[in-house]
Amino acid sequence: MLTKKEKEIPDIGLTFQNETKYTPATLANFMLNWGSIPETFKEYPNPLARISLPEPKAGGETNLWKLLLRRRSRREYTVRKSLKLNDLSVLVWATQGLTAQFGDTFFRTAPSAGGLYPVETYLCIRAVDGLKEGIYHFRPGDYDLELLKEGDFSEELTEAALQQTVILGAQATFIWSAVIGRGSWKYRQRAYRYFYLDAGHIAQNLYLAGEALGLGVCAIGAFYDDDVNRILDFDGTEETVIYMATVGIRAPQKPA
Ligand SMILES: Cc1cc2nc3c(=O)[nH]c(=O)nc-3n(C[C@H](O)[C@H](O)[C@H](O)COP(=O)(O)O)c2cc1C
């Protein structure tokens, strides 16, 4: 059944694609207000705690060609085991770690349109050594996690993700949001294209790093947006969830 919005705008996707096209005419009036350039780094004023992440010690398989060949979406996890904090640190670094500085811009492991980095990383932690269960926010500049909410949110998140039980078994679930103003400052409505492209790069880094560590990663694009936004306290307008991915300790392979 079509929603009210879909009835009003029958081909909302195509309309979006057309309305956000670059043409010589649209670019002719392109101006940037350098006085209102948004902050690239977000931090919460009063998190419950700030936990420094250990320096990531990458290991495991390092041959890129083998990793590309082996990468799969993996949904079977050993529920009772706990993820090493170093492994979480490696994954977080692989997705959004800072790798270079040029002027005021910090570059990261994943590319970002215009170097604006509008995607923020949150984690639903269920079983990671040294971390309480809870919802955390990653700060790439300080390389730490801000604890925003304590408790096991994996059931709530599973419900919000259309009952995908892969989240229940995952030791951690990455939740990526877009901070709309950070991208729209430069790209206006076209920024929405770039939020999703940025997130795709980030998620692929997670897949490859997870594969290197022998962990299981599965992208999650199916969820009730409003429900995930509620769990994360996003308003859905200035910041909204765009993508998620589970990370789990792989269950032993069953014999064929
Ligand atoms: C944008 C996107 C959204 C996805 N959403 C889900 C999801 O909600 N649940 C799930 O189990 N897998 C999801 N996947 C994983 C795909 O099902 C998987 O990539 C596809 O079946 C190909 O398998 P492979 O990743 O093992 O190569 C998603 C993948 C992408 C790229």
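Above this text you will find the structure in question.
Residues numbered from 1 in each chain as written. Predicted model: local features only at pLDDT ≥ 70, side-chain atom pairs only at ≥ 80, totals over all residues. Heavy atoms only, no water.

When its secondary structure is counted, the chain shows ten helices and nine strands. Compactness check: the chain gives a C-alpha radius of gyration of 19 Å against a globular reference of 18 Å for 256 residues, within 12% of the reference. Each principal axis of the C-alpha distribution contributes one length, and for the chain these read about 60 × 50 × 40 Å. Of the contacts formed within the chain by residues at least 6 apart in sequence, a portion of 76% connects residues at least 24 apart. (Helix = DSSP H or I, 4+ residues; strand = E, 2+ residues; numbered from the N terminus. Rg over C-alpha atoms; globule rule 2.2 N^0.38 Å. Contact = heavy atoms within 4.5 Å.)

Quick look at the pattern of salt bridges now. Oppositely charged side chains can pair when the atoms bearing their charge come close. Tallying each qualifying case throughout the model produces 14 salt bridges. The partner of Glu 239 in a salt bridge is Lys 42, and the shortest N-O contact between them spans 2.5 Å. With a gap of 197 residues between them, Glu 239 in strand β9 (residues 239-249) and Lys 42 in the loop between α3 (24-28) and β1 (49-52) connect regions that are remote in the sequence. When its relative accessible area of 8% is taken as the criterion, Glu 239 is described as buried. The class for Lys 42 is partly exposed, based on a relative accessible area of 22%. With a shortest N-O distance of 2.7 Å, Glu 120 and Arg 182 are connected by a salt bridge. Of the two residues, Glu 120 is situated in strand β4 (residues 119-125) and Arg 182 in helix α8 (residues 180-187); the sequence distance between them amounts to 62 residues. What makes Glu 120 buried here is its relative accessible area of 5%. (Salt bridge = Lys/Arg side-chain N within 4 Å of Asp/Glu carboxyl O. Buried < 20%, exposed > 50% of the residue type's maximum accessible area, 1.4 Å probe, protein only.)

In this section: the site of the ligand. Lining the immediate environment of the ligand, one finds Arg 71, Arg 72, Ser 73, Arg 75, Gln 164, Cys 218, Ala 219, Ile 220, Gly 221, Ala 222 and Tyr 243. For the ligand, whose unbound accessible area comes to 620 Å², protein coverage reaches 55%. Take the shell around the ligand: its biggest share by element is three residues, from strand β8 (residues 215-220). Classifying every residue of the shell around the ligand by side-chain character gives five nonpolar, three polar and three charged. (Near = heavy atom within 4 Å. Areas by Shrake-Rupley, 256 points an atom, 1.4 Å probe, with all protein chains shown as cover. Nonpolar A, V, L, I, M, F, W, Y, C, P; charged D, E, K, R; others polar.)

One non-glycine residue, Tyr 117, lies in positive phi territory at about 50°. Its place among the elements puts Tyr 117 in the loop between β3 (105-108) and β4. Of note in this structure, Asp 233 is not a glycine but carries a positive phi near 60°. If you trace the backbone, Asp 233 turns up in the loop between α10 (225-232) and β9.

Another aspect to go through is the environment of Asp 227. Mapped onto the fold, Asp 227 is located in helix α10. Asp 227 sits in the partly exposed class, given a relative accessible area of 27%. In sequence terms Asp 227 and Lys 149 are 78 residues apart; their C-alpha atoms lie 16 Å from each other.

Taken N-terminus to C-terminus, the directions of α8 and helix α9 (residues 191-212) make an angle of 130°; their axes are 8 Å apart at the nearest point. Relative to α9, α8 is oriented oblique. For the element pair α8 and α9, the recorded crossing hand is right-handed. Here α8 contributes Ile 180, Gly 183, Ser 184 and Tyr 187 to the contact with α9, which in turn contributes Ala 191, Tyr 192, Tyr 194 and Phe 195. Of the residues assigned to the contact of α8 with α9, the class counts are six nonpolar, two polar and no charged. (Axes fitted to C-alpha atoms, helices over the stretch in contact; angles between N-to-C directions. Parallel < 35°, antiparallel > 145°, perpendicular 65-115°, else oblique. Left-handed = near helix turned anticlockwise from the far one by under 90°.)

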